[in-house]
Amino acid sequence: MKTLRWTIALGALLALGACDDESEASTETETPAGEETAPAEERPLREVVGTTFEAIPEDATASIDRDKMLLGRRLYHDPALSGDGSISCATCHMLSHGGAEPRRSSTGIRGQIGPINSPTVLNSVYNFRQFWDGRAADLAEQAAGPVSNPIEMGGDWPVILERLQEDDEYPAAFTAAYGEEGITQENVIDAIVQYESYLVTPSPFDRWLRGDDDALTEQQQRGLRAFMTTGCQACHSGRNLGGASYQKLGAVHDYFERRGGRMTEADHGRFNVTQEEGDRHMFKVPTLRNVALTAPYFHDGHEANLAGAVRTMAYVQLGQELTDAQVADIVAFLGALSGEIPADAYMPGAAGSEAATTPGEPDAEDVVEAHPAAPTGATEDDADRDEAAE
């Protein structure tokens, strides 16, 4: 009986000791109040990106008829397509400026000021619609529009065709490309379409998408991660990093209040096409390819630098205020979207006939401040644009 009592007592003591050990172990694994836990390891960048983007195919231009493309190249650069023979397609869509123009809005024949900034023509073959308001369904409609627009090229097709027919080289070139049809309005437009379809620009980012980890620098990779975590890819995704949808400008905060100045007709965006209230201030999301080369930015050309454009879009579209370091990293990533224009896309002997290069990476200290929070006043340039829109 005494032996049984000792056995029970010893078991109780061992149980208590086990409970004490468990209590101590539990206490050791708990995080003391107020002490931060170690940050979780960042997900691999490729896992974060996933299938958000698509590289430009390596054979993207293989199916383009070379004779038609070269004919379109000359037509694209020929002022004979304008009413007074003073401007060409290349006047507002300069290959040396990323397929866009360094002006806030376009200048047409006789010095007329247009109401809107010209978007880039590079990689426009991948856009789901053309122009900021999407009024053109494809490149054929886009190429034809400015030629006859009275405040752009102001051309008259019968006169244009007569000029081309009287040229020393065009008749034979059209016959070689289009057979007996020769010089027609449709063939002129088609040749320009073939040329514009040729203007695709594979970039370092495309190499990265194909698996080359060294194609992006460390800062560009940080910028890509910041681009994703900020939410930029919600609109700027796919092969063209944009160009595939309409979005309201100022989805979270009022862009036009931030910008200041008078509201213009162009500011109404797709509403001008559909007359539906839901389309007011809706614009086609622009491609971000070559965006580092195409300042000024937005449909109104109001932002002069890319850092400011990044900061403004993060605020008005996503409700986020980025740090200088975040902006600098995103700008560096956007620089990796600058690609090579095909060498034979330039006119022989033309200035700037070398492929565009990626700009140097910015430091956070070099980031230029964006718009001030308070609305800015209208400028003389705004007044000229207002008159053009009225």
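Criteria and cut-off values
- Residues numbered from 1 in each chain as written.
- Predicted model: local features only at pLDDT ≥ 70, side-chain atom pairs only at ≥ 80, totals over all residues.
- Heavy atoms only, no water.
- Helix = DSSP H or I, 4+ residues; strand = E, 2+ residues; numbered from the N terminus.
- Buried < 20%, exposed > 50% of the residue type's maximum accessible area, 1.4 Å probe, protein only.
- Contact = heavy atoms within 4.5 Å.
- Areas by Shrake-Rupley, 256 points an atom, 1.4 Å probe, with all protein chains shown as cover.
- Salt bridge = Lys/Arg side-chain N within 4 Å of Asp/Glu carboxyl O.
- Phe/Tyr/Trp six-rings, centres within 6.5 Å; stacked < 30°, edge-to-face > 60°.
- Axes fitted to C-alpha atoms, helices over the stretch in contact; angles between N-to-C directions.
- Parallel < 35°, antiparallel > 145°, perpendicular 65-115°, else oblique.
- Left-handed = near helix turned anticlockwise from the far one by under 90°.
- Core = buried A, V, L, I, M, F, W, Y, C linked by side-chain atoms within 4.5 Å.
- Nonpolar A, V, L, I, M, F, W, Y, C, P; charged D, E, K, R; others polar.
- pLDDT = per-residue confidence, 0-100.
- Polar contact = N/O pair within 3.5 Å; in protein donor to acceptor, adjacent residues only side chain to side chain.

Trainee: Help me understand the overall build of the protein chain, please; the structure alone is not making it clear to me.
Mentor: Secondary structure assignment for the protein chain yields 15 helices and two strands. In the protein chain, buried positions account for 45% of the 390 residues. Partitioning the contacts of the protein chain with sequence separation of at least 6, the portion at a separation of at least 24 is 71%. Here the protein chain displays about 19500 Å² of accessible surface, and carbon together with sulfur accounts for 52% of that area.

Trainee: Can you walk me through the pattern of salt bridges in this structure?
Mentor: A side chain with one charge can pair with a side chain of the opposite charge if their charged atoms come near. Per the stated rule, a full pass over the model turns up 15 salt bridges. When the shortest N-O distance is used, the salt bridge between Arg222 and Asp329 registers 3.1 Å. With Arg222 in helix α10 (residues 218-230) and Asp329 in helix α14 (residues 324-335), this residue pair connects regions lying 107 residues apart in the sequence. Judged by its relative accessible area of 11%, Asp329 is buried. Three or more residues are tied together by salt bridges with common partners; here these are Arg74, Asp167 and Glu169.

Trainee: Help me understand the environment of Met69 in this model?
Mentor: Looking at the element boundaries, Met69 is found in helix α3 (residues 66-76). A C-alpha to C-alpha distance of 8.2 Å links Met69 and Glu196, two positions 127 residues apart in sequence.

Trainee: Just checking my understanding: could you explain the environment of His268 for this structure?
Mentor: Looking at the element boundaries, His268 is found in the loop between α11 (255-259) and α12 (271-274). Each C-alpha atom, one on His268 and one on Asp279, is 7.9 Å from the other, the two residues being 11 residues apart in sequence.

Trainee: Sorry, what's going on with the packing of aromatic side chains here?
Mentor: Throughout the structure, instances matching the rule amount to 12 aromatic pairs. Considering the side-chain rings of Phe53 and Phe205, the 5.3 Å spacing of their centres and the 75 degrees angle between planes classify their relative orientation as edge-to-face. Of this pair, Phe53 sits in the loop between α2 (45-49) and α3 while Phe205 sits in helix α9 (residues 204-209), and the two are 152 residues apart along the sequence. The same class applies to Phe53 as to Phe205, namely buried. Ring geometry for Trp132 against Phe283: centres 6.4 Å apart, planes inclined by 85 degrees, an arrangement best described as edge-to-face. Of the two residues, Trp132 is situated in the loop between α4 (89-92) and α5 (139-148) and Phe283 in strand β2 (residues 282-284); the sequence distance between them amounts to 151 residues. For Trp132, a relative accessible area of 13% corresponds to the buried category.

Trainee: Help me understand the packing of helix α13 (residues 306-318) against α14 in this model?
Mentor: For any two helices packed against each other, one specifies the crossing angle of their axes together with the interaxial distance. Close contact between α13 and α14 brings their axes to 9 Å; oriented N to C, the two are set at 115 degrees. Put simply, α13 runs roughly perpendicular to α14. Crossing of α13 against α14: the hand is right-handed. Of α14, the residues touching α13 (which contributes Leu306, Ala307, Val310 and Arg311) are Asp324, Val327, Ile330, Val331 and Leu334.

Trainee: Teacher, can you tell me more about the nonpolar core here?
Mentor: Soluble globular proteins tend to pack their nonpolar side chains together in the buried interior. Membership of the largest hydrophobic core comes to 38 residues, with the highest contact counts inside it found for Phe205, Leu224, Phe227 and Leu334. Of all the secondary structure elements, the ones that give two or more residues to this core are α2, α9, α10, α11, α13 and α14. When residues no more than four places from it in sequence are discounted, the contact partners of Leu224 are Leu45, Val49, Phe53, Phe205, Trp208, Leu216 and Phe333. By size, the runner-up hydrophobic cluster in this structure holds 37 residues, among which are Leu81, Cys89, Trp157 and Ile160.

Trainee: Sorry, what's going on with the environment of Ser148 here?
Mentor: Within the secondary structure, Ser148 is located in helix α5. Classification of Ser148 as partly exposed rests on a relative accessible area of 38%. Considering only alpha carbons, one finds Ser148 and Gly83, 65 residues apart in sequence, at a separation of 8.3 Å.

Trainee: For this particular structure, what's the right way to read the packing of α3 against helix α7 (residues 170-178)?
Mentor: At a closest axis distance of 9 Å, the pairing of α3 and α7 adopts a crossing angle of 145 degrees. Taken as a pair, α3 and α7 cross one another with a handedness that is left-handed. Every residue of α7 that contacts α3 at Asp67, Lys68, Leu71, Arg74 and Leu75 is listed here: Tyr170, Ala173, Phe174, Ala176, Ala177 and Tyr178. The residue inventory of the contact of α3 with α7, partitioned by class, reads eight nonpolar, no polar and three charged.

Trainee: Just to check I follow, could you spell out the confidence of the model for the protein chain for this structure?
Mentor: Reading fine detail from the predicted coordinates is not recommended where pLDDT is low. The predicted model of the protein chain has a mean per-residue pLDDT of 85, with 79% of residues at 70 or higher. Counting interchain partners and residues more than four positions distant, the pLDDT-below-50 stretch residues 1-32 has one contact. Low confidence marks residues 351-390, where pLDDT is under 50. Its contacts with residues over four positions away, or in another chain, come to 82 contacts.

Trainee: So what exactly am I meant to see when it comes to the side chain of Ser124 here?
Mentor: Along the polypeptide, Ser124 turns up in the loop between α4 and α5. Of the polar contacts made by the side chain of Ser124, one reaches the backbone oxygen of Val121; its length is 2.7 Å. Contacts of Ser124, omitting those with residues within four sequence positions, involve Gln130 and Leu139.

Trainee: I keep staring at the side chain of Asn123 and nothing clicks. Help me out?
Mentor: With respect to the element layout, Asn123 can be found in the loop between α4 and α5. Assessed through its relative accessible area of 0%, Asn123 is described here as buried. For Asn123, the side chain forms a polar contact with the side chain of Thr201, separated by 2.9 Å. Beyond its immediate sequence surroundings of up to four residues, Asn123 is in contact with Ile56, Leu199, Val200, Thr201, Asn240, Arg289 and Asn290.

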